[in-house]
Amino acid sequence: MAVKIKTQFGTIDISNEVIATVVGGAATEIFGIVGMASKSQIRDNLNDILKKENYSRGVIVRQEDNGVAIDIYIIVSYGIKISEVSRNVQEIVKYNLETMLGVTANTVNVFVQGVRVLND
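In this text the structure is predicted, and so the values were computed from the model without any measurement.

Side note on the nonpolar core
Ranked by size, the top nonpolar core spans 27 residues in total, and within it Ile19, Ile70, Ile72, Val89 and Leu97 carry the most contacts. Breaking this core down by element, the ones donating at least two residues are α1 (16-28), β3 (33-36), β4 (59-64), β5 (67-77), α3 (82-101) and β6 (105-116). In terms of residue count, α1 provides more of this core than any other element does, six residues in total. When residues no more than four places from it in sequence are discounted, the contact partners of Ile70 are Ile19, Val23, Val59, Ile60, Val61, Leu97, Thr107, Val108 and Asn109.

See the structure below:
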């Protein structure tokens, strides 16, 4: 399914894969985020951090009447306040969707799938 935006010149379709890439890119730029995690680690047999081309495995996009609902699965760095990082993810993802794609994010649900210790 895709988000459809009607303009005076026609219709713009934005696929869920594009939305997932924008969301994943925004989330991984935040301090304290190690990377994206798969939403179903057992089924995908992935216990590692997702690469950019697989961000859609760590993001669920659901269309709603007046926007989208986003579920994002992340791995955070050890020693970082998880609630603060999660709030930052929600704000940045919502902002990027509205500015880059013109899509309103009604909800941004953050699921912390793991904590990693980073080697210095």
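Don't stop here, the text continues.
What about the environment of Phe111?
Mapped onto the secondary structure, Phe111 falls in strand β6. Among the residues examined, Phe111 registers a relative accessible area of 34% and is labelled partly exposed. Filtering out sequence-adjacent residues up to four positions away, Phe111 remains in contact with Asp71, Ile72, Tyr73 and Ile74.

Notes on the pattern of salt bridges
In the structure shown here, the tally under the stated rule is five salt bridges. The partner of Glu84 in a salt bridge is Arg87, with the nearest N and O atoms 2.2 Å apart. Here Arg87 and Glu84 lie together in helix α3, a separation of three residues that amounts to about one turn. With its nearest N and O atoms 2.6 Å apart, the salt bridge here joins Arg87 to Glu91. You can see Arg87 and its partner Glu91 sitting in helix α3, four residues apart, about one turn around the helix. Among the residues examined, Arg87 registers a relative accessible area of 35% and is labelled partly exposed. Here Glu91 falls in the partly exposed class, since its relative accessible area comes to 44%. Through salt bridges with shared partners, one network takes in Glu84, Arg87 and Glu91.

What about the pairing of β4?
Where β4 lies against β5, six bridges are found, and the strand directions are antiparallel. Bridging across to β5, Val59 finds its partner in Ile72. If you look at the hairpin formed by β4 and β5, you'll find two residues sitting between the two strands.

With respect to α1
Its 13 residues give α1 an end-to-end C-alpha distance of 18 Å, which sits within 8% of 18 Å, the value for a rise of 1.5 Å per residue. Taken together, the buried positions of α1 are occupied by Ile19, Ala20, Val22, Val23, Gly24, Ala26 and Ala27.

What counts and what doesn't
Residues numbered from 1 in each chain as written. Predicted model: local features only at pLDDT ≥ 70, side-chain atom pairs only at ≥ 80, totals over all residues. Heavy atoms only, no water. Core = buried A, V, L, I, M, F, W, Y, C linked by side-chain atoms within 4.5 Å. Buried < 20%, exposed > 50% of the residue type's maximum accessible area, 1.4 Å probe, protein only. Helix = DSSP H or I, 4+ residues; strand = E, 2+ residues; numbered from the N terminus. Contact = heavy atoms within 4.5 Å. Salt bridge = Lys/Arg side-chain N within 4 Å of Asp/Glu carboxyl O. Pairing = 2+ DSSP bridges. Expected span 1.5 Å × (residues − 1).

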